[in-house]
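Secondary and tertiary structure notes
Here is what each chain is made of, one letter per residue.
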Amino acid sequence: MVDKAGETAVMERSRRLIQPADDVSLGEVNGSVPVPPASAGFLKTLASYVGPGALVAVGYMDPGNWVTSIGGGAQYGYTLLSVVLISSLIAMLLQAMAAKLGIVTGMDLAQATRAHTGRKLGFTLWIVTELAIMATDIAEVIGAAIALHLLFGIPLTVGVIVTVLDVFLLLLLLRVGMRKIEALVAVLIATIMVIFIYQVALADPHLPQILAGFVPSPSLTHSGQLTMALGIVGATVMPHNLYLHSAVVQSRAYQRTSIESKRQAVRFATIDSNMELTVAFIVNTLLLLLGAAMFYGRGSNLGTLGSVFDALQNSQIAGAVASPVLSILFAVALLASGQNSTITGTLTGQVVMEGFIKMRIPLWLRRVVTRVIAVIPVVICTILFGGEEGALDNLIVYSQVFLCVALPISMIPLVWFTSSRKIMGEFANKPWMVVLGWLSTGVLTILNIQLIWQTVSALF
């Protein structure tokens, strides 16, 4: 009888942990942030909608992209600035579509995709998207572990394991509400931006060359520059960002049945998204400027995050402005980037699980599971290669393959849904958005296939 009672208790706890999903996206925060009436002023209304864009912008400052941006500047100067600009404009277009889908239909991208597919296909899409989220988590684990190693001398293996503890940070944040989470993310983004503005200001980049760099150059077709450009563009639009944005915009308490209220919500959500992605564009530009102004033409090899850390305090490489302070600030920014991604990655995981397979588990449990799964290959790689950072940086590159695979799965349905008048009504994409949306989708898909081919070829 005792055993039977104990088994019943275990089953009851399991049922409490794994539950059917609500019909609304992210039910814990859906409609939880009040918005002012339509008669309120522009700034007051904008202030109430600002926040979701910050959660999305985090994905564009992932640790996995840092070496690419800084290395691109170090190798090719300011030439790749045009690639950063074009990538950011494409991101703004697609994220605006994602926000509009969530507001108008009341469904996030995962729910909308599942509604137009069968159960088996929905499960398959969920698996692929979860792999992409875990791949992102691997980059976060490695970035945070390297930052801890650079700041405190913690061995990489220990640092990787320590990153599991960030679940306690998430538990704390879940108690303070959506607005507080958005504010914390915004502060961390501001920290990253201020640090790199300071470093670039010390580097004193050449303004005319910067302006010229934003104009596409024929030299981008050369083998080396083309490969680097592929890396920057291919990693720009992260698939999980599209799912996340379509969900978090619904945290605002606009009137779900009012066309005018939805119109206002779409307008201000788009402004918020574009503002935050402009900040992400500035950060990515600063990363490339840092590489160009400090390291271009000096023959330095900046293949790892650690090599950048060392170069910033080496006067023979970084010049007269080299300082240990610059290196420490770089590591602090890296750690902030990793923690930011922790928050958004967990929320995205919940969105795709609820949307694709209509199941939900507590956020703390999903964080533990995804982080442990992400930590396992990183720990194995760290042990096998004796804590060599170069091996971990290579693992970041290989993990991005899953992102490349998942990207068309998210982009194609997004452009299709938001271009359909049957689904979106009067909010359907205008003809110019349809053209640009499909063009961007096609270009990014081709570039990601190219990246997959290059990555796989490099293994053999």
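Described below are features of the structure shown in this document. (Residues numbered from 1 in each chain as written. Predicted model: local features only at pLDDT ≥ 70, side-chain atom pairs only at ≥ 80, totals over all residues. Heavy atoms only, no water.)

Once that is clear, we can look at the overall build of the protein. In terms of helices and strands, the protein carries 21 helices and two strands. A buried classification covers 57% of the 460 residues belonging to the protein. Sequence separation of at least 24 residues holds for 83% of the intrachain contacts in the protein that already meet a minimum separation of 6. When the accessible surface of the protein is split by element, carbon and sulfur atoms take 69% of a total near 19300 Å². (Helix = DSSP H or I, 4+ residues; strand = E, 2+ residues; numbered from the N terminus. Buried < 20%, exposed > 50% of the residue type's maximum accessible area, 1.4 Å probe, protein only. Contact = heavy atoms within 4.5 Å. Areas by Shrake-Rupley, 256 points an atom, 1.4 Å probe, with all protein chains shown as cover.)

Looking now at the packing of aromatic side chains. Counted under the stated rule, the structure contains seven aromatic pairs. Centre to centre, the rings of F42 and F268 are 5.4 Å apart; their planes meet at 45 degrees, and the pair counts as tilted. Taken together, the residues span a long stretch of sequence, with F42 in helix α2 (residues 42-49) and F268 in helix α14 (residues 259-295) at a distance of 226 residues. Judged by relative accessible area, which is 2%, F268 ranks as buried. Ring geometry for Y243 versus F356: centroids 5.8 Å apart, planes at 70 degrees, classification edge-to-face. Of this pair, Y243 sits in helix α13 (residues 239-248) while F356 is found in helix α17 (residues 324-357), placing the two residues 113 residues apart along the sequence. Judged by its relative accessible area of 0%, F356 is buried. Feature note: the residues F42, Y49 and F268 constitute an aromatic cluster, connected by ring pairs. If you follow R256 out to its NZ or CZ, it ends over the ring of Y254, 4.0 Å from the centre. (Phe/Tyr/Trp six-rings, centres within 6.5 Å; stacked < 30°, edge-to-face > 60°. Lys NZ or Arg CZ within 6 Å of the ring centre and 35° of its normal.)

Among the structural elements, E276 can be located in helix α14. Despite being buried, E276 has no salt bridge partner; R179 is the closest side chain of opposite charge, sitting 8.6 Å away. Setting aside residues up to four positions removed in sequence, E276 forms contacts with V50, G53, A54 and A57. (Lys, Arg positive; Asp, Glu negative; His and termini not counted. Salt bridge = Lys/Arg side-chain N within 4 Å of Asp/Glu carboxyl O.)

When the charged atoms of two side chains with opposite charge come close together, those side chains can pair. All told, the structure shown has four salt bridges when counted by the stated rule. The partner of R263 in a salt bridge is E426, with the nearest N and O atoms 2.2 Å apart. Placement of R263 in helix α14 and of E426 in the loop between α20 (421-424) and α21 (431-458) is noted, with a sequence separation of 163 residues between them. For E426, a relative accessible area of 46% gives the class partly exposed. One network of salt bridges, in which partners are shared, links R179, E182 and R252.

Moving on to the side chain of H240. Take H240: it is sitting in helix α13. On the basis of relative accessibility, which here comes to 7%, the residue H240 falls in the buried class. Those residues in contact with H240 that lie beyond four places of it in its chain are I133, T136 and T348.

Judged by nonpolar contacts, the single largest core of 132 residues is most densely connected at W66, L80, L94, F196, V237 and F330. When residues of this core are assigned to their parent elements, the largest contribution, 18 residues, is made by α14. Beyond its immediate chain neighbours, meaning those up to four positions away, V237 contacts Y60, I90, A91, L94, L242, L407 and L444. (Core = buried A, V, L, I, M, F, W, Y, C linked by side-chain atoms within 4.5 Å.)

A packed helix pair is summarised by two numbers, namely the angle formed by the two axes and the spacing between the axes. Contact pair α2 / α14: the axes reach a minimum separation of 9 Å and the direction vectors enclose 70 degrees. Overall, the two elements α2 and α14 adopt an arrangement that is roughly perpendicular. The segment α2 lies against α14, with F42, T45, L46 and Y49 engaging Q264, A265, R267, F268, I271, D272 and M275. (Axes fitted to C-alpha atoms, helices over the stretch in contact; angles between N-to-C directions. Parallel < 35°, antiparallel > 145°, perpendicular 65-115°, else oblique.)

Bringing a nonpolar patch on the surface into the picture now. On the surface, V372, I376, I380, L384 and F385 cluster together into a nonpolar patch covering about 490 Å² of accessible area. Secondary-structure assignment places L384 in helix α18 (residues 363-384). (Patch = residues over 30% accessible without salt bridge, like charges linked within 9 Å, V, L, I, M, F, W, Y side chains within 5 Å.)

Moving on, we come to unusual backbone geometry. One non-glycine residue, D204, lies in the positive phi region at around 55 degrees. Here D204 lies in the loop between α10 (178-203) and α11 (207-213).

Moving on, we come to α14. Across its 37 residues, α14 extends 53 Å between first and last C-alpha, which sits within 8% of the 54 Å expected from 1.5 Å per residue. For α14, the buried fraction is high: 27 of the 37 residues fall into the buried class. Just past α14, the residue G297 takes up positive phi, approximately 80 degrees. (Expected span 1.5 Å × (residues − 1).)

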